[in-house]
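What the coordinates show
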Amino acid sequence: RGKRCGGGGTGGPRGEGKTEGIRGVRERFGLEPGKALYVGDAPSDITSSRRAGVKVGSAAWADTADPGELIDLCPEEIFYSVDRFRLYLEETIGR
């Protein structure tokens, strides 16, 4: 890419508390950090997921998403359509 990924801000709606919420859901279901993927459409989803130790996928298809801003934060996955997200799920966890 030739671009350095930024550290991001708290951007997006109500970034506060997301980290604890993501961590809480992961713990409730007994998932190790590397076995979970949080999918969101805001920069705060990326930064909060990382603080919670969870991989992040970006829902760039969402009307509320700014794909360029998401790309700059280097999510592990970026999905430009619901179909692409569905295919990712089929490829990674099966049908």
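Residues numbered from 1 in each chain as written. Predicted model: local features only at pLDDT ≥ 70, side-chain atom pairs only at ≥ 80, totals over all residues. Heavy atoms only, no water.

1. Some points on the layout of surface pockets
Rolling a probe over the atoms, with the probe sized like a water molecule, indicates the empty space that remains. Which entries qualify depends on this criterion: Grid spacing is 1 Å over the protein atoms alone, the probe is 1.4 Å, and a cavity is where that probe fits but cannot get out, while a pocket is an open set with protein on both sides within 12 Å along at least five of seven lines and lining residues have an atom within 4 Å of a point. Grid points are joined across faces, edges and corners, and a volume is the space filled by probe spheres set on the points. Working definition: helices are DSSP H or I runs of at least four residues, strands are E runs of at least two. Numbering for both runs from the N terminus. The residue classification treats Ala, Val, Leu, Ile, Met, Phe, Trp, Tyr, Cys and Pro as nonpolar and Asp, Glu, Lys and Arg as charged. All others, Gly included, are polar.
In this structure, the largest pocket occupies an estimated 200 Å³ of space. If you trace the largest pocket, you find it lined by Gly34, Lys35, Ala36, Leu37, Lys55, Tyr88, Leu89, Thr92 and Ile93. Element by element, the count of residues in the lining of the largest pocket is highest for helix 4 (residues 82-93), at four residues. In terms of residue class, the lining of the largest pocket is made up of five nonpolar, two polar and two charged.

2. What to know about a nonpolar patch on the surface
Put simply, the rule is: Residues forming no salt bridge and having over 30% relative accessible area are the ones grouped into patches, like charges within 9 Å of each other and nonpolar side chains (Val, Leu, Ile, Met, Phe, Trp, Tyr) within 5 Å. Only the protein chains shown count as cover for residues, and all accessible areas are computed by the Shrake-Rupley method using a 1.4 Å probe. Each salt bridge in this description consists of a side-chain nitrogen of Lys or Arg and a carboxyl oxygen of Asp or Glu lying within 4 Å of one another. To sort residues, take the accessible area from a 1.4 Å probe on protein chains only and compare it with the maximum for the residue type: under 20% means buried, over 50% means exposed, and anything in between is partly exposed.
On the surface, Val25, Phe29 and Leu31 cluster together into a nonpolar patch covering about 300 Å² of accessible area. Relative to the assigned elements, Phe29 resides in the loop between helix 1 (18-28) and strand 1 (37-40). Residue classification places Phe29 among the exposed positions, given a relative accessible area of 59%.

3. Quick look at the packing of helix 1 against helix 2 (residues 43-51)
Using the following cut-off: In this analysis an axis means a line fitted to C-alpha atoms, helices contributing only their contacting stretch, and an angle means the value between N-to-C directions, from 0 to 180 degrees. The labels follow the angle: roughly parallel below 35 degrees, roughly antiparallel above 145, roughly perpendicular from 65 to 115, and oblique for the rest. Crossings are sorted by hand: turned counterclockwise from the far helix by less than a right angle, the near helix makes the crossing left-handed, and turned clockwise it makes it right-handed. In this description, contact between two residues means that some pair of their heavy atoms is separated by no more than 4.5 Å.
It is at 8 Å that the axes of helix 1 and helix 2 come closest, and there the two elements cross at 55 degrees. By the angle between their directions, the pair helix 1 and helix 2 is classed as oblique. Note that helix 1 runs across helix 2; the crossing there is right-handed. Taken together, the residues of helix 2 that come into contact with helix 1 (itself represented by Lys18, Thr19, Ile22 and Arg23) are Ser44, Asp45, Ser48, Ser49 and Arg51.

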